[in-house]
Amino acid sequence: MTPLTGSERLGLVFEQVEKRYGALTALRRVSLEIQPGEFVALLGPNGAGKTTLLRVAALLVRPNAGRVKMTGSPADSPELFKSRVGMVAHSTLLYDELTAEENLHFFARLYGVANVASRTAHLLAAAGLAERASSLVRTFSRGMRQRLAIVRALVHSPRILLLDEPSSGLDPQGRVWFAETLAALQRDGCTILASTHARDEVLRLATRAVRLEAGRVVSDSGSGGNLELILAGLQGTVQ
Amino acid sequence: MKNSIWQSLVVGALMAVAGYAALFIAPDEKTMHVIQRIFYFHAPAGMVALLAFTIVFIANIAYLINRQPRWDWLAVSGAEVGIAFNSVVLITGPIWAKPAWGVWWAWDARLTSTLVLWLLYISFLLLRDLMADPDRRAVFSAVYGIFLFLDVPLVYFSIRIWRTQHPQPVILGGQNSGLDPTMRKVFWFCWLAMTGVMAILIHQRYKLEQARHEFEELRLRAEQLSAEEPGISPPAGAMRT
Amino acid sequence: MNAGRAAAVIVAKEVRAEFRARELLNTTLIFAFVVVVIFSFAFDPTTAESRRFGPGLLWIALLFAGSLMLQPSFAREHANDTLDALCLAPVSPFAILLGKIVANFVFLTACEVLLLPVFAVLYNVALLPVLGRLVIVLMLGTFGLTITGTVFSAVAAQARMRELLLPLLLLPVLVPLLLAAVEATAGLLADAPELQRTWLEILIGFDVMFFTASWLLSDFLLQE
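Residues numbered from 1 in each chain as written. Chains lettered and ligands numbered in written order. Predicted model: local features only at pLDDT ≥ 70, side-chain atom pairs only at ≥ 80, totals over all residues.

Asks: Help me understand the overall build of chain B in this model?
Replies: Counting its regular elements, chain B contains six helices and zero strands. Seen in sequence order, chain B has helices and strands lined up from the N terminus as α-α-α-α-α-α. Per-residue burial over chain B gives 34% buried out of 241 residues. Taking as baseline every contact in chain B between residues at least 6 positions apart, the subset at least 24 positions apart corresponds to 76%. (Helix = DSSP H or I, 4+ residues; strand = E, 2+ residues; numbered from the N terminus. Buried ≥ 20, exposed ≤ 12 C-beta atoms within 10 Å, placed from the backbone. Contact = placed C-beta atoms within 7 Å.)

Okay, here's the thing in structure tokens:
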């Protein structure tokens, strides 16, 4: 597996993605192009399809029609694709019965990360969890679990980040840390697609806002990075 | 609708002729006399059941390849009809065995295998019953169904070896060796008639499943529309299947 | 990351998680033991009979205990959606399945190592003369049980009543395996011990067929 160089800039393209669950259509022919290095805030009411879109991007869900592609790097196989993508989901994706350290060790090995021990230690320290490294995740508070969930997503230094309401459960200190981490990743050229509710500091870092409703893109502030347009995207003004 | 009626009439006629043949045309068997005639329904039913389960297997594979719901409908239809015919075998077997050997059940190879087959496909239907989401149900029951069918030859083979190692009464299927020509004709005619019944039953069950599916789609679509446009609501008292 | 290495990582995780809690192993072992003892009360174990019933009893205990033990295999990956975490990683679905199969095989074998001497004592069977061949039969049977049980655990995890469902899905399918394992074991514990080829072939055939089917169908088991 090609080691990540840390400087790749990768984009995502959704082509006519459709996903149905029985007779319920979660995504209707969604086409979206995310440029390398963009920070896209995904907005919309509950049930709009934000989570489904993120899961399609993560290759967790196979769409009924259309597909998702990676640009900027030949990701021919699903495995190569997944090696460049990190996800923070609704659930923590952590094993409660293992320690924080064991969780990160496991995922690091699974992703083929070199120097598992030092990478784990570094991430735990960054998340402020170094003292609790050998504690079972079961004993962690909600905020601590979310922090661990976030660093879990970063263990393999992904170039594309998919975030599903990542700030939920974070304590104020955690939010500050998370915003700083995201800013650093953004400066580093990571592409970020984050589903958030309004009033989330994460939005301040966004360069683009896309609003989904009932499985369709209803507004897109474009790559201009214009704050007013983003706020308009927040209010759901149709373009 | 008209087609169904014609089909049913034709198959009904075939079955009537088959019944008559089994009861009156086939020559009397020398040891068991009238009781033996049950064989003309017992054995073909077993073969038809296997045929139905083979259809399930093909439908399972087809569904996994192209995900079209109609293969799932075919799979559940084949399984239910297969179990029905299998039940015929399991009921007629003991009815024959009691006068013939004095016991209802003798654990002979063929009947025991049929029993296991019955259990296998009951599990298939049970699995489907316990899964609500239609797409997931279709995928996972298809995977399970494939494993089941792969198991079938192993079941027959292992049980046959098992029974030959443990001596027990004369085997049911021994009839087939040296079957009188008239008997053979009646046998195959009954098989043909029963295969016709199987085809019709599967077809009807398939159409029922198709109708259910379409109804669900319409109902959910109506709900979605009413959610998007207030003022339109689904028909009051909408049926839940 | 190739399938073998990924599977090894998963096996390590499963074993670590299990040996920390040890709930599953302990419960499985005790359940198997209870089955053996309870059956002894139902079928008076004098020496002559125990030779005949012994093998059947051993395998029934293993099958029952095994089908209970295998059920959480995929069901417990629903907590915190860790199954998603596995599917997010750049490993093939078969690697995930293989990791779980191997881990479950290790657990069941650990139970058998402890169960076998107990069985030998309770039923006065001399295992040592045929130990080598008995181990082969045990391994083949356990492998078949583990493959089917793990795959069906992934299937049952999607349905309601999964604890009750897995034995129902599993036991009828295992009839050929049970027959072959019991008869092979009985052959080994007879006065003139021999390992009958037919049963061995059925065991191997079962294992190969179901392993291949698992490999071919693994994608469908783990995708949404």
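Asks: Teacher, can you tell me more about the overall build of chain A here?
Replies: Within chain A, the secondary structure is distributed over eight helices and nine strands. Across the 239 residues of chain A, 47% fall into the buried class. In chain A, of all internal contacts separated by at least 6 residues, the share reaching a separation of at least 24 is 68%.

Asks: Looking at this structure, I do not really get the interface of chain C and chain B. What am I missing?
Replies: One frequently used descriptor of interface size is the decrease in accessible area upon assembly of the parts. Each side of the interface is counted separately: chain C has 25 residues, and chain B has 25 residues. If you list the elements that add at least two residues to the side of chain C that touches chain B, you get α8 (162–173), α9 (175–189) and α10 (197–222) of chain C. It is α10(C) that contributes the most residues to the side of chain C that touches chain B, 10 residues altogether. Residue composition of the side of chain C that touches chain B, by class: 20 nonpolar, three polar and two charged. (Nonpolar A, V, L, I, M, F, W, Y, C, P; charged D, E, K, R; others polar.)

Asks: Even after reading the chapter, I still don't get the environment of V30(A), so can you show me in this structure?
Replies: All names here are of chain A. Within the secondary structure, V30 is located in strand β2 (residues 24–34). Separated by 155 residues in the primary sequence, V30 and L185 place their C-alpha atoms 27 Å from one another. Sequence-distant contacts of V30, defined by excluding residues within four places in its chain, comprise F14, V17, L53, R216 and V217.

Asks: Hey, could you run me through the sheet that holds strand β4 (residues 65–71) of chain A in this one?
Replies: Strand-to-strand pairing in sheets goes through backbone hydrogen bonds, with the strands running parallel or antiparallel. All names here are of chain A. Across the sheet, three strands lie side by side as β2-β1-β4; this open sheet has antiparallel pairing. In this open sheet, the two edge strands, each paired with only one partner strand, are β2 and β4. The sheet shows a mean angle of 15° between the axes of neighbouring strands, taken without regard to direction. In this sheet, β4 lies alongside strand β1 (residues 11–21) in antiparallel orientation, the contact comprising six bridges. Paired with E15 across the bridge in β4 is R67. (Pairing = 2+ DSSP bridges. Axes fitted to C-alpha atoms, helices over the stretch in contact; angles between N-to-C directions.)

Asks: What am I meant to see in the sheet that holds strand β7 (residues 191–195) of chain A here?
Replies: Residues and elements named next belong to chain A. Spatially, six strands are ordered β5-β6-β7-β3-β8-β9 in an open sheet, and the strand pairing comes out mixed. Whereas interior strands pair on both sides, the edge strands pair on one side only; in this sheet they are β5 (85–88) and β9 (216–220). On average, each strand axis in the sheet is inclined to that of its neighbour by 20°, with strand direction left out of account. Strand direction decides the pairing type here: strand β3 (residues 39–43) and β7, joined by four bridges, are parallel. Looking at β7, one finds that A41 is bridged to A194. Sheet strands in contact with helix α1 (residues 50–57) are β3, β6 (160–164), β7 and β8 (208–213), and its direction is about 150° off that of β7.

Asks: Quick question: what am I supposed to make of unusual backbone geometry here?
Replies: The phi angle of most residues is negative, glycine excepted, and most peptide bonds adopt the trans form. Non-glycine residue L93(A) carries a positive phi angle of around 60°. Tracing the backbone through its elements, the reader meets L93(A) in the loop between β5 and α3 (100–110). Of the residues examined, L93(A) has 22 C-beta atoms within 10 Å and is grouped as buried. Phi angles above zero are rare outside glycine, and M161(C) is one such case at about 55°. Secondary-structure assignment places M161(C) in the loop between α7 (131–156) and α8. C-beta crowding within 10 Å serves as the criterion here: with 12 such atoms nearby, M161(C) is assigned to the exposed category.

Asks: What should I look at first to understand the packing of α7(C) against α9(C) in this one?
Replies: Relative orientation and spacing of two packed helices are given, respectively, by the angle between their axes and the distance between those axes. Residues and elements named next belong to chain C. Axis separation between α7 and α9 bottoms out at 10 Å; the angle between their running directions is 170°. Judged by the angle between their axes, α7 and α9 are roughly antiparallel. In contact with R133, L134, V137, G141, G144 and L145 of α7, α9 contributes L177, A181, A184, T185 and L188. (Parallel < 35°, antiparallel > 145°, perpendicular 65-115°, else oblique.)

Asks: Looking at this model, I keep getting lost on the pairing of β1(A). Mind explaining?
Replies: The side chains of a regular strand alternate between the sheet's two faces. All names here are of chain A. Strand direction decides the pairing type here: β1 and β2, joined by seven bridges, are antiparallel. Counted as the bridge partner of F14 is L32 from β2. In this structure, the hairpin formed by β1 and β2 is closed by a connection of two residues, where G22 is found at a positive phi of approximately 65°.

Asks: Any chance you could explain the confidence of the model for chain A here in plain terms?
Replies: For any part of a model where pLDDT is low, the fine detail of the predicted coordinates should not be relied upon. Mean pLDDT over chain A: 87, with 89% of residues reaching 70 or higher. Across chain A, β5(A) holds the top mean pLDDT of 96, while helix α8 (residues 227–235) of chain A sits lowest at 59. (pLDDT = per-residue confidence, 0-100.)

Asks: How do you make sense of α7(C) when you look at a structure like this?
Replies: In a regular helix each residue adds 1.5 Å, so 26 residues correspond to 38 Å; α7(C) covers 35 Å between its end C-alpha atoms and thus fits that length. Counting buried residues along α7(C), 20 of its 26 residues qualify, which places the element largely inside the surrounding structure. (Expected span 1.5 Å × (residues − 1).)

Asks: Sorry, what's going on with the packing of helix α2 (residues 39–66) of chain B against helix α5 (residues 134–165) of chain B here?
Replies: Residues and elements named next belong to chain B. Contact geometry for α2 and α5: axes closest at 9 Å, N-to-C directions at 135°. On the basis of the axis angle, α2 is oblique to α5. In the crossing of α2 with α5, the sense of the turn from one axis to the other is left-handed. Contacts from F53, V56, F57, N60, I61, Y63 and L64 in α2 reach A138, A142, G145, I146 and F149 in α5. Of the residues contributing to the contact of α2 with α5, the split by class is 10 nonpolar, two polar and no charged. (Left-handed = near helix turned anticlockwise from the far one by under 90°.)

Asks: How do you make sense of the confidence of the model for chain B when you look at a structure like this?
Replies: Residues and elements named next belong to chain B. Per-residue confidence for chain B gives a mean pLDDT of 84; residues scoring 70 or more make up 86%. Of all secondary-structure elements in chain B, the lowest mean pLDDT belongs to helix α1 (residues 2–25), at 79, while helix α4 (residues 109–129) reaches the highest, 95. Within the model, pLDDT remains below 50 along residues 171–176, and this stretch shows seven contacts once partners closer than five positions in the same chain are excluded. This model gives residues 237–241 a pLDDT under 50, and the stretch forms three contacts once residues within four places in sequence are excluded. Predicted complex, confidence summary: ipTM 0.92, pTM 0.89.

Asks: Where do I start with the nonpolar core in this structure?
Replies: Here is a general trend for soluble globular proteins: nonpolar side chains tend to be buried in one another's company. Within the largest apolar cluster, 206 residues are counted, with the highest numbers of intra-cluster contacts made by L148(A), L162(A), I192(A), L193(A), A52(B) and V155(C). Considering every element that reaches this core, the biggest residue donor is α5(B), with 14 residues. Setting aside anything within four residues of it in sequence, one finds L162(A) in contact with L54(A), A57(A), A58(A), V85(A), M87(A) and L193(A). (Core = buried A, V, L, I, M, F, W, Y, C linked by C-beta atoms within 7 Å.)

Asks: Honestly, the environment of S113(B) in this entry has me stumped. Any pointers?
Replies: All names here are of chain B. Tracing the chain through its elements places S113 in helix α4. Among the residues examined, S113 registers 20 C-beta atoms within 10 Å and is labelled buried. The sequence separation of S113 and V155 amounts to 42 residues, and the corresponding C-alpha distance is 6.4 Å. What S113 contacts, discounting residues up to four positions off in sequence, is V155, Y156 and I159.

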